[in-house]
Protein chains: 2
Amino acid sequence: MDDYRPPVDDHRFLLLDVLHARESLQPLPAFAEADAELLTQVLEEAGRFVGEVVAPLQAAGDHPGCRFEDGRVATPPGFADAYRAFWQAGWPSLSCAPEDGGQGLPWVLEGVLYEMLSAANHGWTMAPGLLHGAYECLKHHGSEELKQRYLAKIASGEWLATMCLTEPHAGSDLGLARTQALPQADGSHRLRGTKIFISGGEHDLTDNIVHLVLAREPGAPPGPKGLSLFLAPKFLPPTLGERPDAGTRNAVVCERIEEKMGLHGSPTCVLRFDDAIGWRVGEPGRGLNAMFVMMNAARLHVALQGIGLLDAAWQKADAYAQERTQMRAPGALRGTGAADPIASHPAVRRILDTERAWVDGLRVLAYRTGVELDLARHAQEPSRRASAQQWCGLLTPVLKAVCTEQGFGGASRCLQVFGGHGYVREWGIEQIVRDARVPMIYEGTNEIQAIDLLVRKVLVDGGEGMFAVLAGLEGEMRASAAAERAHPHLHPAKRQMPFREDPGGPPPEGEGETEAVLARFAELREITKELVAAAALSDTLAYEAADDYLRAVALALFGWAWWTIARTPGADAPRWSQPAAAARLRILPEFDLRLGILRTQCAALRNTVPPRLSVA
Amino acid sequence: MDDYRPPVDDHRFLLLDVLHARESLQPLPAFAEADAELLTQVLEEAGRFVGEVVAPLQAAGDHPGCRFEDGRVATPPGFADAYRAFWQAGWPSLSCAPEDGGQGLPWVLEGVLYEMLSAANHGWTMAPGLLHGAYECLKHHGSEELKQRYLAKIASGEWLATMCLTEPHAGSDLGLARTQALPQADGSHRLRGTKIFISGGEHDLTDNIVHLVLAREPGAPPGPKGLSLFLAPKFLPPTLGERPDAGTRNAVVCERIEEKMGLHGSPTCVLRFDDAIGWRVGEPGRGLNAMFVMMNAARLHVALQGIGLLDAAWQKADAYAQERTQMRAPGALRGTGAADPIASHPAVRRILDTERAWVDGLRVLAYRTGVELDLARHAQEPSRRASAQQWCGLLTPVLKAVCTEQGFGGASRCLQVFGGHGYVREWGIEQIVRDARVPMIYEGTNEIQAIDLLVRKVLVDGGEGMFAVLAGLEGEMRASAAAERAHPHLHPAKRQMPFREDPGGPPPEGEGETEAVLARFAELREITKELVAAAALSDTLAYEAADDYLRAVALALFGWAWWTIARTPGADAPRWSQPAAAARLRILPEFDLRLGILRTQCAALRNTVPPRLSVA
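Note that this is a predicted model, so its numbers are computed, not measured.

About the cut-offs
- Residues numbered from 1 in each chain as written.
- Chains lettered and ligands numbered in written order.
- Predicted model: local features only at pLDDT ≥ 70, side-chain atom pairs only at ≥ 80, totals over all residues.
- Heavy atoms only, no water.
- Axes fitted to C-alpha atoms, helices over the stretch in contact; angles between N-to-C directions.
- Helix = DSSP H or I, 4+ residues; strand = E, 2+ residues; numbered from the N terminus.
- Parallel < 35°, antiparallel > 145°, perpendicular 65-115°, else oblique.
- Left-handed = near helix turned anticlockwise from the far one by under 90°.
- Contact = heavy atoms within 4.5 Å.
- Nonpolar A, V, L, I, M, F, W, Y, C, P; charged D, E, K, R; others polar.
- Buried < 20%, exposed > 50% of the residue type's maximum accessible area, 1.4 Å probe, protein only.
- Pairing = 2+ DSSP bridges.
- Buried area = accessible area lost by both parts, 1.4 Å probe.
- Salt bridge = Lys/Arg side-chain N within 4 Å of Asp/Glu carboxyl O.
- Polar contact = N/O pair within 3.5 Å; in protein donor to acceptor, adjacent residues only side chain to side chain.
- Least-squares fit on C-alpha atoms with pLDDT ≥ 70 in both.
- Domains from an automatic or database assignment.
- pLDDT = per-residue confidence, 0-100.

**Examining the packing of helix 6 (residues 107-120) of chain A against helix 11 (residues 295-323) of chain A**
Residues and elements named next belong to chain A.
Here comes step 1: Packing of helix 6 against helix 11 leaves a shortest axis separation of 7 Å and a crossing angle of 45 degrees. If you check the angle between helix 6 and helix 11, you find them oblique. Considering only the axes of helix 6 and helix 11, their crossing is right-handed. Taken together, the residues of helix 11 that come into contact with helix 6 (itself represented by Trp107, Glu110, Gly111, Tyr114, Glu115, Ser118 and Ala119) are Ala297, Leu300, His301, Leu304, Gln305, Ile307, Gly308, Leu309 and Ala312.
Here comes step 2: Residues of the contact of helix 6 with helix 11, tallied by class, amount to nine nonpolar, five polar and two charged.

Right under this line is the structure:
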């Protein structure tokens, strides 16, 4: 079983050559030092760390996985040492603010780092993955005293953190949460209740664990508006007379860890708060709002998990397909031996090229969103911050859903390349498939993401935000085409017409692929308008159409992503042109399928409304 | 965790009311007694046995699963008792010939039985699942002496059987197999080699195990034509002086069982043949041919596993969705409490209705194919046997691939209904997803099925067989429409127009759904012709197009399946009309997607061929 190898050259190509991330980021005062050399250096260092330290622990994460005994969790062999090396090297604070001890680098680098980490070892990566949200939450909403005590420790990763939201009867609907927070005379609260599905709720990786807990104060209204956020550490701060490094154990009890389909390297804990001491973070009744600050970044993290897991599965399948020989390939693909590498067989080629196309196209969308997240935080012009915020608000749910769905489904298709060998543990591919299933669920199920996109983001402004994002991309495409016309010798990829819609049609005029992207944008605008109109007539339509709409948005943008890859100098190499062809032939036609379903739904509604009115 | 409950009423409705299986089967002399009462009674008895005896062992199949020690396999607690009850009740021989001790009932009943069994407990079902192929193989190709010794024991299920085909370097390409068969003076052979992925290669369910082994005699040509089939029992027949019930152990050694993603209830063995004694079954060099006799039935078995697993997953998801309350549903779907059952939320409704539509539509296709398998064996007119054989040859690879893909993918979507609870072991849904992954691989990977369909079945006769199947269905549709016109009061479903293509279009004339099915058939004929023409110009096109072609065939037939359900009296109940609507809105549009991909491929070829020719 081969370990995952971080494909740093691909990351660099997509981030710097395709997306021009340096040109977007370095002009910001916060990132004045982030030149191409620094960005490349961070990617290379990250790749080295992930490949050498984290990737070799992948199998141990699955077996033996985490063990639970007497309220304690033992992480798999090697996990604690690797985590110590990780935080001591400063990786957790890569994009934290310098005033909190962070390195102040762009978030998008953290995003790529976490893609690599998830690919190498999803279970291990869950532990540090949660500290970033806690950092943002505390930074923006914590009192000075709490920040003083906890912020630097969390930023550095010396202490890990959890998000304690879910309860047995309150999952997607956190408003049903019942955990109580009883105020004390000293300003602290006593937390009482049981939280489930708490990743990293207990472990042996760090000296302390900082829990952020949603709970309800006495007299708070029912529903989400009655929830406040509290910080409850595993070990309380030392009081007078205690050694500074030895606080008292707080009353947070790990009752058990779940037996799961996969992700055995991450302990999923049931935590009982037995009048645990906690302090409120932010205003009473604003617990959910306090968490919104980190939601885009956290969901983008999950999207990058999906991409990483798919890339890890792809690497394994590709390596196996080069080695394994079975049957002779047809026609000119045939070699001279009794059997050819299965990578030469069209059935396997199809899987490899299509999943490669998914990884690359989704990377472009996710990295671009990472750059926008940096712009939303650090651009100087308020209008640029606002447009970046708009991009992130719209794209984040799309990416969370699409990347995690492809992470699981695509990993399963990569498993298929192994035949029966894929179903046994030996090759490590079935572990990836099992691990990849849960990102479709956590951090808001993919169905919740679709509702977030259509109901909460698109319908509320009549589609204006979505139209603005599309118009922005169209503007970039025009600018890019103009630049190409000025310097045609720099753009050999353009002559390959990698995006020509109908390879059987007449010889291209040179702009066929551009027109196809623009046509999808136009159709997306049309259906958005139709949905806005139809939703005014029906309370349920948007909920019924949400998943197909999210998928249509994703595919329209995916077409743009490959358009922009294909026009980058160097993209005419088979490494990029083969998946480009697969994207065109096998992935993008789904856009029309989704549009058709959405149109049918809108039309059905138009047809049923008049009779209803006539009854009234 | 609820056990699976066999939905016998649904089975009866589809088999008798929708497919009129009795009218097809009872006229055959072999099934003269198979009236509606008998067929119903068998289904009910099967449902009772499966629900009471096999379903409760599902969790034990996963944990502890099978255990291996010192060459022996211990099956999970309860498995052996259940298996004894199964064969003693006569279930294995349901469709075996009366002269072999069988009950001589239609194969389609065995098919439904195995769908139920796989749904209840896939791991347990693997054991008896393999004896049917061995029975057919031995019955048609074994010597009188071998049949005398083994046929009745296999038919009754007193002894189980295996198929020993795969070797470490020979999976999809069995022609690479190296296991040797050295002829002995007494007419027996000594088998030497290692076979892998042998389901039930060793276990404690029966007193003896009969292995059917592909091996190569000295001097045999390389490749598939050098392979012969041999029978090697775990215990040799008693020789003079031995007790009749105590033969000598043959030199077949179980080296280990595989650690798999799922299906832990079925031991997947590495078997070493250390000069094991075996006897040839059939002619030398005809080993693969000897196995073809059972291939359609075996692949149809696997298709039914996919359907069963999906139905089991659906039952769990449906039950959970009725119980679990989260958030208020939108609009008129809203109840009066603080939260509604998630079954009322459109996002969950969509999953449940769509997967329900898949189960029901695929059942119609699989059961119909089961009836055709019976006709292929027992119809009196040679022409009817031939047309039934043609149906089975074309439909079996389609069903094997589509049902197992949906079994896994659909089970995963059912898991999504549980949210985070689906990812933990407790509810049993993640076990179904893991178990359901392997049918996409074994008995010929789904990619091999697609090549079998397009290259080996469709292209070889220029599409004539496929056209005949479509024409046959069109004839049935005309006849059925004529019968409805004669008795309109019997056909309320027709007035529901469940198959109207465009719900937003003008009021239907009454035949819209019929036209949609016929239009898909016409498009399928066209693309088949295009592929036949294009394949003549390219050695690789058929291999590149095979998966999309299989999918297009499946969807065209799936449309017919729901057409025929929807026109059956009783099908206007929500139980059937809700999934019918989901099939129309969400499943059938994929037909156009696949057609589009196939057309693009054919067109690309037309465009590239002339330049190639001009170079020559």
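Here the narrative resumes.
**Observations concerning the pairing of strand 3 (residues 160-164) of chain A**
All names here are of chain A.
Here comes step 1: With respect to burial, strand 3 is a largely interior element, five of its five residues being buried.
Here comes step 2: Every second residue of strand 3 is oriented toward a common face, with Leu160, Thr162 and Cys164 on one face and Ala161 and Met163 on the other, all of them buried.
Here comes step 3: Relative to strand 6 (residues 209-216), strand 3 is paired through five bridges, and the arrangement is parallel. For Cys164, the partnering residue across the bridge sits in strand 6 and is Val213.

**Some points on the interface of chain A and chain B**
Here comes step 1: Across the boundary between the two partners, chain A contributes 72 residues, which contact 71 residues of chain B.
Here comes step 2: Together chain A and chain B conceal approximately 6,100 Å² of surface at their shared face, both sides included; 62% is due to carbon and sulfur atoms.
Here comes step 3: The three residues of chain A that bury the most area against chain B are Met261(A), Gln416(A) and Tyr423(A), which together make up 13% of that side's buried surface.
Here comes step 4: At the junction of chain A and chain B, the tally comes to six salt bridges.
Here comes step 5: Arg425(B) is the salt-bridge partner of Glu259(A), the closest N and O atoms lying 3.1 Å from each other.
Here comes step 6: In this structure, the connection of chain A to chain B is made through 32 residue pairs in polar contact (both at pLDDT 80 or more).
Here comes step 7: No other element matches helix 22 (residues 590-615) of chain A, which puts nine residues into the side of chain A that touches chain B.
Here comes step 8: Grouping the amino acids of the side of chain A that touches chain B by side-chain chemistry returns 31 nonpolar, 20 polar and 21 charged.

**Remarks on the relation of the copies chain A and chain B**
Both copies of the chain are related through a single rotation about an axis accompanied by a shift along the same axis.
Here comes step 1: Relative to chain B, chain A is turned by 180 degrees and slid 0.0 Å along the rotation axis, the superposed coordinates differing by an RMSD of 0.0 Å. A rotation of that kind, with that shift, is consistent with a two-fold axis. Considering only C-alpha atoms, the residue of chain A closest to the rotation axis is Leu593(A), which sits at 3.2 Å.
Here comes step 2: When the interface residues of chain A are mapped onto chain B, 97% of them again fall at the interface, so both copies present the same face.

**Observations regarding the domain arrangement of chain A**
When the parts of a complex come together, some accessible area is lost, and that lost area is often taken as the interface size.
Here comes step 1: On domain assignment, one finds that chain A holds domain 1 (8-133), domain 2 (141-150 + 157-284) and domain 3 (445-609).
Here comes step 2: For domain 2 of chain A versus domain 3 of chain A, the separation of C-alpha centres amounts to 42 Å.

**What about the confidence of the model for chain A?**
Low pLDDT marks regions whose predicted coordinates should not be analysed in detail.
All names here are of chain A.
Here comes step 1: When pLDDT is averaged across chain A, the result is 93; 94% of the residues are at 70 or more.
Here comes step 2: Across residues 493-510, where pLDDT falls below 50, the model places 45 contacts with residues more than four positions away in sequence or in other chains.
Here comes step 3: Counting contacts from residues 611-616, a segment whose pLDDT is below 50, to residues more than four positions away or on other chains yields zero contacts.
Here comes step 4: Predicted complex, confidence summary: ipTM 0.95, pTM 0.96.

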